[in-house]
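# Chains, contacts and geometry: an overview
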Amino acid sequence: MSAAFTLSAPGLQAIDLVTAGQTAANALSPAKAKAKAAAQNFEAVFLNSMFQQMFTGIDGEGPFGGNGATRVWRSFLTDAYAKNFTKAGGIGIADQVYRSLIGAQEAGS
């Protein structure tokens, strides 16, 4: 899936936003890429916990209520919500954790 942004000014070229983002991500060193992934995973776990809390008091029929298998389904749902939310930019926790991890790595070396 490619999203090109075309400018009508002479001398400017189209920018492929997807490829540009991937190129920037690929430019990270392995240690920084690992720290970024860990920070995003941390945010996803935090958001999953928050989303699970939203459903704690809900009972009844339908996709958000019930018990048994519905609780299992709900855990998959909250996990998917958390991962997608983080992938879309999250709430800023991953950025702060990433900066802290990189700062700790730089201070240790």
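Structure: see above.
Report follows, based on the coordinates.

Calculation rules
Residues numbered from 1 in each chain as written. Predicted model: local features only at pLDDT ≥ 70, side-chain atom pairs only at ≥ 80, totals over all residues. Heavy atoms only, no water. Helix = DSSP H or I, 4+ residues; strand = E, 2+ residues; numbered from the N terminus. Expected span 1.5 Å × (residues − 1). Buried < 20%, exposed > 50% of the residue type's maximum accessible area, 1.4 Å probe, protein only. Arc of directions from axis to C-beta. Contact = heavy atoms within 4.5 Å. Patch = residues over 30% accessible without salt bridge, like charges linked within 9 Å, V, L, I, M, F, W, Y side chains within 5 Å. Areas by Shrake-Rupley, 256 points an atom, 1.4 Å probe, with all protein chains shown as cover. Salt bridge = Lys/Arg side-chain N within 4 Å of Asp/Glu carboxyl O.

Turning our attention to helix H3 (residues 69–87). The terminal C-alpha atoms of H3, which comprises 19 residues, lie 27 Å apart, in line with the 27 Å expected from a rise of 1.5 Å per residue. Regarding H3, the residues found buried are Arg 74, Leu 77, Thr 78, Ala 82 and Thr 86. Viewed along the axis of H3, the buried residues span an arc of 160°, placing them on a single side of the element. Those residues of H3 that are exposed and aimed more than 90 degrees away from the buried face are Ala 69, Phe 76, Asn 84 and Lys 87. Against the buried residues of H3 lie helix H2 (30–54).

For helix H4 (residues 93–108), built from 16 residues, the straight-helix expectation of 22 Å at 1.5 Å per residue is met to within 8% by its first-to-last C-alpha distance of 22 Å. If you check which residues of H4 are buried, you get Ile 93, Ala 94, Tyr 98 and Ile 102. Projected onto a plane normal to the axis of H4, the buried residues spread over an arc of 155° and lie on a single side. Summarising the geometry of H4, the exposed residues directed more than 90 degrees from the buried face are Arg 99, Ser 100, Ala 104 and Ala 107.

Together, Phe 42, Phe 46, Met 50, Phe 85 and Ile 91 make up an exposed nonpolar region whose accessible area comes to about 480 Å². With 3 residues, the top contributor of residues to the nonpolar patch is H2. Structurally, the position occupied by Phe 85 is in helix H3.

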